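# Understanding the architecture of this molecule
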Amino acid sequence: MSIQTSPGTAIALRTVSYGHPDAVALNDRVQLEYAERYGDEGDITPLDPTMFTPPRGLYLIAYDEAGTPLATGGWRAQDANEEAYADGDAELKRMYVTPEARGLGLARRILAALEADARAAGRRRMVLETGTKQPEAIALYASSGYEECAKFGLYRFEELSRCYAKAL
């Protein structure tokens, strides 16, 4: 899937494994950003590449024409469990745009592709957890129809955590 961002610049969204070297490199970058913003070791949610394997998940990377990875995001299936997820949930994970690619609309495009894929896989609700020190993320989700909801997941008891949901 190709996306025109400006004249002559095409961005391709590619499905990759969460264990792909580019996914690992982008994950390292987002973890550093989390650590800087929150003063900790980053997101310690246990993640495994198999969690993002279709049809129970999907992992995308946006690449420019030169093959440079610019942005990433994935979803994984969740069902009712002790961390307060609900049956039919699709959880967004590792939404990230490199600083040099911000402002191109890549996060919004990845989000739309992930929502469409989760819907096609039969998921009923997209959920995500973010934090108060990520105002850009909160603004993106609010402008994309997400509403704050009851907390779930590993960080559900953390004061800085915010959880959002959107019906698919």
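Before reading on, note that the structure itself is shown above.
Residues numbered from 1 in each chain as written. Predicted model: local features only at pLDDT ≥ 70, side-chain atom pairs only at ≥ 80, totals over all residues. Heavy atoms only, no water.

Structurally, Lys 133 can be placed in the loop between strand 6 (125-131) and helix 3 (135-143). Separated by 27 residues in sequence, Lys 133 and Leu 160 place their C-alpha atoms 7.6 Å apart. In contact with Lys 133, not counting residues within four places along its chain, are Arg 37, Tyr 38 and Leu 160. (Helix = DSSP H or I, 4+ residues; strand = E, 2+ residues; numbered from the N terminus. Contact = heavy atoms within 4.5 Å.)

What follows covers the packing of aromatic side chains. Applying the stated criterion to the full structure yields 5 aromatic pairs. A ring pair is formed by Phe 52 and Tyr 59, whose centres lie 5.3 Å apart and whose planes are at 70°; its orientation type is edge-to-face. With respect to burial, Phe 52 and Tyr 59 carry one shared label: buried. Note on Tyr 85 and Phe 152: the rings are 5.1 Å apart at their centroids and 50° apart in plane angle, and the pair reads as tilted. Residue Tyr 85 is located in the loop between strand 4 (69-78) and strand 5 (89-97), and its partner Phe 152 is located in the loop between strand 7 (147-148) and strand 8 (161-167); the two are separated by 67 residues in the primary sequence. For the pair Tyr 85 and Phe 152, a shared accessibility class is recorded, and that class is buried. By the ring-pair criterion, three or more aromatic residues cluster together here, those being Tyr 18, Phe 52 and Tyr 59. The cationic tip of Arg 14 hangs over the ring face of Tyr 63; the distance from NZ or CZ to the ring centre is 4.3 Å. (Phe/Tyr/Trp six-rings, centres within 6.5 Å; stacked < 30°, edge-to-face > 60°. Buried < 20%, exposed > 50% of the residue type's maximum accessible area, 1.4 Å probe, protein only. Lys NZ or Arg CZ within 6 Å of the ring centre and 35° of its normal.)

Its 18 residues place the ends of helix 1 (residues 21-38) 26 Å apart at the C-alpha level, agreeing with the 26 Å of an ideal helix rising 1.5 Å per residue. Among the residues of helix 1, Ala 23, Leu 26, Asn 27, Val 30, Gln 31, Glu 33, Tyr 34 and Tyr 38 are the ones counted as buried. Summarising the axial view, the buried residues of helix 1 lie within an arc of 160°, below the 170-degree limit, and thus occupy one face. Of the exposed residues in helix 1, those oriented more than 90 degrees away from the buried face are Pro 21, Leu 32 and Glu 36. Downstream of helix 1 by one or two residues, Gly 39 has phi in the positive range, about 70°. (Expected span 1.5 Å × (residues − 1). Arc of directions from axis to C-beta.)

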